[in-house]
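# Report on the structure
So you can see what is in the structure, the chains are spelled out below.
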Amino acid sequence: MFGVAFSKTLFLKILKSLAASALLLLLSTIALHAAPEALLRLDPGGHTALVRKLLITPDGKLVTASDDKTIRIWNPKTGREERKILGQLGPGHGEIFAIALSPDGKLLASGGFLSSDTEQQWGRIRLHDFQSGELLQILKGHENVVYNLAFSPDGRWLASSSSDKTVRLWKRSGSRFTKGPVLQGHENSVYAVRLFEDRGHLRVVSASYDHTVRFWNAESGREQRRIVGGGRAVWASGLKGSQFGFGTTWTANLGKSDLEHAFDFTNLQVSKLSKSD
(Lines give C-alpha, C1' and ligand atoms only; values in the text may rest on other atoms or scores of the structure.)
Protein backbone atom coordinates (compact mmCIF):
# COMPACT_ATOMS: atom_id res chain seq x y z
CA MET A 1 0.00 0.00 0.00
CA PHE A 2 2.83 2.37 0.85
CA GLY A 3 4.41 1.79 -2.54
CA VAL A 4 1.13 2.44 -4.33
CA ALA A 5 0.54 5.68 -2.39
CA PHE A 6 4.10 6.76 -3.12
CA SER A 7 3.65 6.09 -6.83
CA LYS A 8 0.43 8.14 -6.94
CA THR A 9 2.10 11.04 -5.11
CA LEU A 10 5.06 10.98 -7.49
CA PHE A 11 2.73 10.76 -10.48
CA LEU A 12 0.74 13.81 -9.31
CA LYS A 13 3.93 15.84 -8.81
CA ILE A 14 5.15 14.94 -12.28
CA LEU A 15 1.75 15.81 -13.75
CA LYS A 16 1.71 19.20 -12.00
CA SER A 17 5.25 19.91 -13.19
CA LEU A 18 4.32 19.11 -16.79
CA ALA A 19 1.20 21.26 -16.53
CA ALA A 20 3.22 24.18 -15.18
CA SER A 21 5.80 23.81 -17.98
CA ALA A 22 3.04 23.72 -20.60
CA LEU A 23 1.46 26.86 -19.13
CA LEU A 24 4.78 28.73 -19.17
CA LEU A 25 5.39 27.67 -22.77
CA LEU A 26 1.92 28.90 -23.75
CA LEU A 27 2.41 32.24 -22.03
CA SER A 28 5.80 32.69 -23.70
CA THR A 29 4.31 31.99 -27.12
CA ILE A 30 1.51 34.51 -26.51
CA ALA A 31 4.03 37.14 -25.40
CA LEU A 32 6.12 36.64 -28.54
CA HIS A 33 3.09 37.18 -30.76
CA ALA A 34 1.53 39.96 -28.72
CA ALA A 35 1.00 43.43 -30.15
CA PRO A 36 3.84 45.97 -29.75
CA GLU A 37 4.07 47.67 -26.40
CA ALA A 38 1.65 50.58 -26.12
CA LEU A 39 3.16 54.05 -25.94
CA LEU A 40 1.83 56.59 -23.47
CA ARG A 41 2.13 60.09 -24.87
CA LEU A 42 0.65 63.20 -23.30
CA ASP A 43 -0.77 65.67 -25.80
CA PRO A 44 -0.53 69.31 -24.67
CA GLY A 45 -2.85 70.44 -27.47
CA GLY A 46 -0.14 71.93 -29.66
CA HIS A 47 3.25 71.26 -31.18
CA THR A 48 6.12 70.45 -28.83
CA ALA A 49 8.98 71.05 -31.29
CA LEU A 50 9.97 73.19 -34.26
CA VAL A 51 7.24 73.71 -36.87
CA ARG A 52 8.83 73.02 -40.26
CA LYS A 53 6.00 73.63 -42.70
CA LEU A 54 2.55 75.16 -42.95
CA LEU A 55 -0.12 75.47 -45.60
CA ILE A 56 -3.63 76.88 -45.96
CA THR A 57 -6.48 74.64 -47.14
CA PRO A 58 -9.08 75.83 -49.70
CA ASP A 59 -11.59 76.34 -46.84
CA GLY A 60 -9.13 78.44 -44.84
CA LYS A 61 -7.81 75.92 -42.30
CA LEU A 62 -4.16 76.00 -41.26
CA VAL A 63 -2.09 72.80 -41.50
CA THR A 64 1.27 72.57 -39.73
CA ALA A 65 4.01 69.91 -39.69
CA SER A 66 6.62 69.61 -36.98
CA ASP A 67 9.70 67.90 -35.62
CA ASP A 68 7.38 66.45 -32.96
CA LYS A 69 6.25 63.91 -35.63
CA THR A 70 2.72 65.28 -35.91
CA ILE A 71 0.62 67.17 -38.45
CA ARG A 72 -2.02 69.41 -36.91
CA ILE A 73 -5.05 71.13 -38.43
CA TRP A 74 -6.11 74.45 -36.88
CA ASN A 75 -8.99 76.87 -37.08
CA PRO A 76 -7.31 80.28 -37.54
CA LYS A 77 -10.41 82.14 -36.33
CA THR A 78 -10.44 80.43 -32.93
CA GLY A 79 -6.76 79.50 -32.73
CA ARG A 80 -7.79 76.01 -31.68
CA GLU A 81 -6.51 72.70 -32.96
CA GLU A 82 -9.30 70.74 -34.62
CA ARG A 83 -7.55 67.45 -35.25
CA LYS A 84 -4.19 65.87 -35.87
CA ILE A 85 -2.49 63.27 -38.04
CA LEU A 86 0.09 61.24 -36.17
CA GLY A 87 3.32 60.31 -37.88
CA GLN A 88 5.96 57.90 -36.70
CA LEU A 89 5.76 57.34 -32.95
CA GLY A 90 8.29 55.82 -30.60
CA PRO A 91 12.08 56.18 -30.45
CA GLY A 92 14.20 57.35 -33.36
CA HIS A 93 13.65 60.06 -35.89
CA GLY A 94 10.35 60.94 -37.48
CA GLU A 95 10.58 64.70 -38.02
CA ILE A 96 8.21 65.93 -40.74
CA PHE A 97 9.91 68.40 -43.07
CA ALA A 98 7.39 68.61 -45.91
CA ILE A 99 3.64 68.49 -46.50
CA ALA A 100 1.48 69.11 -49.57
CA LEU A 101 -2.28 69.06 -50.06
CA SER A 102 -3.80 67.91 -53.35
CA PRO A 103 -5.85 70.57 -55.22
CA ASP A 104 -9.10 68.76 -54.41
CA GLY A 105 -8.19 68.76 -50.71
CA LYS A 106 -8.50 64.99 -50.39
CA LEU A 107 -4.87 63.83 -50.17
CA LEU A 108 -2.11 65.01 -47.85
CA ALA A 109 1.47 64.02 -48.65
CA SER A 110 4.18 64.17 -46.00
CA GLY A 111 7.89 63.46 -45.88
CA GLY A 112 10.98 64.18 -43.84
CA PHE A 113 13.54 62.45 -41.65
CA LEU A 114 11.74 59.15 -41.21
CA SER A 115 13.42 56.14 -39.64
CA SER A 116 12.85 53.37 -37.14
CA ASP A 117 14.87 51.05 -34.91
CA THR A 118 14.70 48.26 -37.47
CA GLU A 119 14.75 50.02 -40.83
CA GLN A 120 15.85 53.36 -42.22
CA GLN A 121 12.96 55.03 -44.03
CA TRP A 122 14.41 58.46 -44.64
CA GLY A 123 13.21 58.80 -48.20
CA ARG A 124 9.68 57.54 -47.75
CA ILE A 125 6.62 59.67 -48.51
CA ARG A 126 3.30 59.07 -46.79
CA LEU A 127 -0.04 59.70 -48.44
CA HIS A 128 -2.96 60.28 -46.05
CA ASP A 129 -6.65 60.75 -46.49
CA PHE A 130 -6.77 64.35 -45.34
CA GLN A 131 -10.17 64.15 -43.66
CA SER A 132 -9.74 60.87 -41.78
CA GLY A 133 -5.95 60.84 -41.43
CA GLU A 134 -5.85 57.25 -42.72
CA LEU A 135 -2.51 56.20 -44.21
CA LEU A 136 -3.29 55.22 -47.82
CA GLN A 137 0.10 54.61 -49.41
CA ILE A 138 3.85 54.85 -48.78
CA LEU A 139 6.03 55.93 -51.71
CA LYS A 140 9.58 54.55 -51.76
CA GLY A 141 12.40 55.83 -53.94
CA HIS A 142 14.46 58.59 -52.32
CA GLU A 143 17.66 57.54 -50.56
CA ASN A 144 17.77 60.41 -48.09
CA VAL A 145 15.46 62.83 -46.28
CA VAL A 146 12.63 64.49 -48.22
CA TYR A 147 12.72 68.28 -48.02
CA ASN A 148 9.78 69.42 -50.13
CA LEU A 149 6.60 68.15 -51.80
CA ALA A 150 4.25 69.66 -54.36
CA PHE A 151 1.20 68.55 -56.35
CA SER A 152 0.57 69.59 -59.95
CA PRO A 153 -2.33 72.02 -60.52
CA ASP A 154 -4.56 69.16 -61.75
CA GLY A 155 -3.52 66.81 -58.93
CA ARG A 156 -2.30 64.11 -61.33
CA TRP A 157 1.35 64.44 -60.36
CA LEU A 158 3.32 64.74 -57.12
CA ALA A 159 6.89 66.06 -57.01
CA SER A 160 9.36 65.43 -54.18
CA SER A 161 12.82 66.85 -53.56
CA SER A 162 15.45 65.31 -51.34
CA SER A 163 18.86 65.48 -49.76
CA ASP A 164 19.83 62.70 -52.19
CA LYS A 165 20.19 65.49 -54.82
CA THR A 166 17.23 64.37 -56.91
CA VAL A 167 13.66 65.37 -57.70
CA ARG A 168 11.21 62.52 -58.18
CA LEU A 169 7.88 62.64 -59.95
CA TRP A 170 4.99 60.37 -59.00
CA LYS A 171 2.05 59.84 -61.34
CA ARG A 172 -1.47 59.30 -60.09
CA SER A 173 -3.22 56.24 -61.44
CA GLY A 174 -6.70 55.88 -59.99
CA SER A 175 -6.31 56.06 -56.22
CA ARG A 176 -2.59 55.16 -56.27
CA PHE A 177 0.65 56.89 -57.23
CA THR A 178 3.37 55.18 -59.25
CA LYS A 179 6.99 56.13 -59.96
CA GLY A 180 7.63 58.63 -62.72
CA PRO A 181 10.78 60.34 -64.02
CA VAL A 182 13.74 61.00 -61.73
CA LEU A 183 15.30 64.44 -62.31
CA GLN A 184 19.05 64.24 -61.80
CA GLY A 185 21.64 66.98 -62.15
CA HIS A 186 21.75 68.94 -58.91
CA GLU A 187 25.04 68.66 -57.05
CA ASN A 188 23.68 69.17 -53.55
CA SER A 189 20.47 68.75 -51.55
CA VAL A 190 17.30 69.89 -53.33
CA TYR A 191 15.18 71.71 -50.79
CA ALA A 192 12.39 73.20 -52.94
CA VAL A 193 10.27 71.98 -55.85
CA ARG A 194 7.14 73.20 -57.67
CA LEU A 195 5.03 71.97 -60.59
CA PHE A 196 3.29 74.28 -63.06
CA GLU A 197 1.54 74.22 -66.44
CA ASP A 198 3.21 75.97 -69.36
CA ARG A 199 1.28 76.07 -72.67
CA GLY A 200 -0.19 72.65 -72.10
CA HIS A 201 3.01 71.08 -70.80
CA LEU A 202 3.94 70.17 -67.24
CA ARG A 203 7.12 71.84 -65.99
CA VAL A 204 9.15 71.45 -62.82
CA VAL A 205 11.22 74.05 -61.01
CA SER A 206 13.68 73.07 -58.28
CA ALA A 207 16.10 74.91 -56.00
CA SER A 208 19.21 73.46 -54.41
CA TYR A 209 22.08 74.15 -52.06
CA ASP A 210 24.30 73.88 -55.15
CA HIS A 211 23.32 77.55 -55.73
CA THR A 212 21.09 76.85 -58.73
CA VAL A 213 17.43 76.99 -59.70
CA ARG A 214 16.65 74.51 -62.49
CA PHE A 215 13.69 74.15 -64.83
CA TRP A 216 12.74 70.74 -66.19
CA ASN A 217 10.41 69.12 -68.69
CA ALA A 218 8.31 66.79 -66.54
CA GLU A 219 7.50 64.38 -69.38
CA SER A 220 11.09 63.81 -70.49
CA GLY A 221 12.87 64.56 -67.21
CA ARG A 222 15.32 66.80 -69.06
CA GLU A 223 16.71 70.06 -67.72
CA GLN A 224 15.64 73.06 -69.82
CA ARG A 225 17.10 76.07 -68.08
CA ARG A 226 19.41 76.82 -65.17
CA ILE A 227 19.82 79.95 -63.07
CA VAL A 228 23.04 80.17 -61.04
CA GLY A 229 23.08 82.09 -57.79
CA GLY A 230 26.50 83.60 -58.32
CA GLY A 231 28.16 81.63 -55.54
CA ARG A 232 25.36 82.35 -53.08
CA ALA A 233 22.61 80.02 -51.97
CA VAL A 234 19.36 80.28 -53.93
CA TRP A 235 16.23 80.44 -51.80
CA ALA A 236 13.04 79.55 -53.67
CA SER A 237 10.00 81.66 -52.79
CA GLY A 238 7.18 80.30 -54.91
CA LEU A 239 5.11 81.00 -57.99
CA LYS A 240 2.97 83.96 -59.03
CA GLY A 241 1.20 83.80 -62.36
CA SER A 242 3.81 83.01 -65.01
CA GLN A 243 6.68 84.03 -62.75
CA PHE A 244 8.84 82.16 -60.29
CA GLY A 245 10.29 84.38 -57.57
CA PHE A 246 13.56 83.70 -55.77
CA GLY A 247 16.24 85.41 -53.70
CA THR A 248 19.98 84.87 -53.39
CA THR A 249 21.13 87.19 -50.61
CA TRP A 250 22.20 85.70 -47.29
CA THR A 251 20.72 87.80 -44.48
CA ALA A 252 20.37 87.73 -40.72
CA ASN A 253 16.70 86.82 -41.19
CA LEU A 254 17.20 83.10 -40.51
CA GLY A 255 19.80 83.12 -43.27
CA LYS A 256 17.19 83.60 -46.00
CA SER A 257 16.63 86.52 -48.31
CA ASP A 258 13.63 88.53 -49.34
CA LEU A 259 12.22 87.99 -52.83
CA GLU A 260 14.75 89.56 -55.24
CA HIS A 261 14.36 88.16 -58.74
CA ALA A 262 11.65 86.70 -60.99
CA PHE A 263 11.94 84.24 -63.83
CA ASP A 264 9.17 84.54 -66.42
CA PHE A 265 8.25 81.26 -68.09
CA THR A 266 6.73 82.91 -71.16
CA ASN A 267 9.92 84.65 -72.33
CA LEU A 268 12.56 82.77 -70.25
CA GLN A 269 13.90 86.07 -68.87
CA VAL A 270 15.13 86.96 -65.38
CA SER A 271 14.25 90.35 -63.97
CA LYS A 272 15.02 92.15 -60.71
CA LEU A 273 12.02 92.80 -58.50
CA SER A 274 11.30 96.02 -56.65
CA LYS A 275 9.82 96.05 -53.15
CA SER A 276 6.46 97.00 -54.64
CA ASP A 277 6.39 93.69 -56.57
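A brief report on the enclosed structure follows. (Residues numbered from 1 in each chain as written. Predicted model: local features only at pLDDT ≥ 70, side-chain atom pairs only at ≥ 80, totals over all residues. Heavy atoms only, no water.)

Turning our attention to the overall build of the chain. A count of helical and extended segments in the chain gives 1 helix and 20 strands. Across the 277 residues that make up the chain, the buried fraction comes to 43%. Summarising the internal contacts of the chain: among those between residues at least 6 apart in sequence, 35% fall at separations of at least 24. Accessible surface computed for the chain: about 16,000 Å², of which carbon and sulfur atoms make up 56%. (Helix = DSSP H or I, 4+ residues; strand = E, 2+ residues; numbered from the N terminus. Buried < 20%, exposed > 50% of the residue type's maximum accessible area, 1.4 Å probe, protein only. Contact = heavy atoms within 4.5 Å. Areas by Shrake-Rupley, 256 points an atom, 1.4 Å probe, with all protein chains shown as cover.)

Taken as a whole and judged by the stated rule, the model has 1 cavity of 30 Å³ or more. One number sums up the size of the largest cavity: a volume of about 40 Å³. Those elements that place two or more of their residues in the lining of the largest cavity are strand 8 (135-139) and strand 12 (176-184). The residue makeup of the lining of the largest cavity, split by class, is 4 nonpolar, 2 polar and 1 charged. (1 Å grid on protein atoms, 1.4 Å probe; cavity = no way out; pocket = protein on both sides within 12 Å on 5 of 7 lines; lining within 4 Å. Points joined across faces, edges and corners; volume = space filled by probe spheres on them. Nonpolar A, V, L, I, M, F, W, Y, C, P; charged D, E, K, R; others polar.)

Our focus in this paragraph is unusual backbone geometry. Backbone geometry places Lys69, a non-glycine residue, at a positive phi of 75°. Unusually for a residue other than glycine, Lys165 sits at a positive phi of about 75°. Relative to the helices and strands, Lys165 resides in the loop between strand 10 (157-162) and strand 11 (166-173).

So, on to the pairing of strand 2 (residues 62-66). Across the 5 residues of strand 2, 4 count as buried, placing the element largely inside the fold. Pairing of strand 1 (residues 51-56) with strand 2 involves 5 bridges; the strand directions are antiparallel. Each residue of the ladder has a partner; that of Ile56, found in strand 2, is Leu62. Hairpin connection from strand 1 to strand 2: 5 residues lie between these consecutive antiparallel strands, with Gly60 at a positive phi of about 90°. (Pairing = 2+ DSSP bridges.)

Here the focus is the packing of aromatic side chains. The geometry of an aromatic ring pair is captured by the separation of the ring centres together with the interplanar angle, meaning the angle of the planes. Taken as a whole, this structure holds 3 aromatic pairs when the rule is applied. Here Phe97 and Tyr147 contribute two aromatic rings whose centre-to-centre distance is 6.0 Å and whose plane-to-plane angle is 15°, an arrangement assigned as stacked. Taken as a pair, Phe97 in strand 5 (residues 95-101) and Tyr147 in strand 9 (residues 146-151) lie far apart in primary sequence, 50 residues in all. For the pair Tyr191 and Tyr209, a centre-to-centre distance of 4.7 Å together with 40° between the ring planes defines the contact as tilted. Pair noted here: Tyr191 is in strand 13 (residues 190-198) and Tyr209 is in the loop between strand 14 (201-208) and strand 15 (212-217), with a separation of 18 residues, a long-range link. In this structure Tyr191 comes out as buried when scored by relative accessible area, which is 12%. Of the residues examined, Tyr209 reaches a relative accessible area of 35% and is grouped as partly exposed. Over the ring of Phe130 we find Arg83; its NZ or CZ atom is 4.6 Å from the centre of that ring. (Phe/Tyr/Trp six-rings, centres within 6.5 Å; stacked < 30°, edge-to-face > 60°. Lys NZ or Arg CZ within 6 Å of the ring centre and 35° of its normal.)

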